[in-house]
Amino acid sequence: MTMKNDNMAKYKDEFIAVGLKIGYVRRQRAMTQEQLAEKAGISVGFLSQVEAPNMAVGISLATLFAISEALQVPPSKLLEFD
């Protein structure tokens, strides 16, 4: 296993939590995945994977910033786990 895979496994729960938070905030904003993906400049398929509760998908800071801008929330809001 490479270091990257080690980190993916190590932070699996955090990746899932970020995805769930993105989906939660998106629904609060009454946005579809298609609308958010278009505004953030990412594919709907990728966003769907990020938001999936059973998938740990890491995202770059650039993607996090684009999603937070599209959702009109500070990036830190998407990293707050309840």
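Residues numbered from 1 in each chain as written. Predicted model: local features only at pLDDT ≥ 70, side-chain atom pairs only at ≥ 80, totals over all residues. Heavy atoms only, no water.

Caption draft 1: Seen up close, the overall build of the chain. In terms of helices and strands, the chain carries five helices and zero strands. Put simply, the chain runs from its N terminus to its C terminus through helices and strands in the order α-α-α-α-α. C-alpha extents for the chain along the principal axes are approximately 40 × 25 × 20 Å. Per-residue burial for the chain yields a buried fraction of 32% across its 82 residues. The contacts in the chain between residues at least 6 apart in sequence include a share of 58% that link residues at least 24 apart. Accessible area of the chain: about 5200 Å², with a carbon and sulfur share of 55%. Charge-centre separation for the chain: the mean point of 9 positive side chains lies 2 Å from the mean point of 9 negative side chains. (Helix = DSSP H or I, 4+ residues; strand = E, 2+ residues; numbered from the N terminus. Buried < 20%, exposed > 50% of the residue type's maximum accessible area, 1.4 Å probe, protein only. Contact = heavy atoms within 4.5 Å. Areas by Shrake-Rupley, 256 points an atom, 1.4 Å probe, with all protein chains shown as cover. Lys, Arg positive; Asp, Glu negative; His and termini not counted. Charge placed at Lys NZ, Arg CZ, Asp CG, Glu CD.)

Caption draft 2: Looking closely at the pattern of salt bridges. Following the criterion strictly, the structure yields one salt bridge and no others. Glutamate 51 is paired through a salt bridge with arginine 26; the nearest N and O atoms lie 2.8 Å apart. Here glutamate 51, found in helix H4 (residues 44-51), pairs with arginine 26, found in helix H2 (residues 12-28); they are 25 residues apart in sequence, far enough to count as distant. This pair shows no difference in class: glutamate 51 is buried, exactly as arginine 26 is. (Salt bridge = Lys/Arg side-chain N within 4 Å of Asp/Glu carboxyl O.)

Caption draft 3: Representation of H2 within the structure. Given a rise of 1.5 Å per residue, 17 residues ought to cover 24 Å, and the 25 Å separating the end C-alpha atoms of H2 matches this to within 8%. Alanine 30, located one to two residues past H2, shows a positive phi value of around 55 degrees. (Expected span 1.5 Å × (residues − 1).)

Caption draft 4: Spatial organisation of the packing of helix H3 (residues 33-40) against H4. The N-to-C vectors of H3 and H4 enclose an angle of 115 degrees; their axes lie 9 Å apart at closest approach. Taken together, the axis directions place H3 and H4 in an arrangement best described as roughly perpendicular. Crossing of H3 over H4 shows right-handed handedness. Contact residues: H3 offers Gln33, Glu34, Leu36 and Ala37, while H4 offers Val44, Leu47, Ser48 and Glu51. Among the residues forming the contact of H3 with H4, the class breakdown is four nonpolar, two polar and two charged. (Axes fitted to C-alpha atoms, helices over the stretch in contact; angles between N-to-C directions. Parallel < 35°, antiparallel > 145°, perpendicular 65-115°, else oblique. Left-handed = near helix turned anticlockwise from the far one by under 90°. Nonpolar A, V, L, I, M, F, W, Y, C, P; charged D, E, K, R; others polar.)

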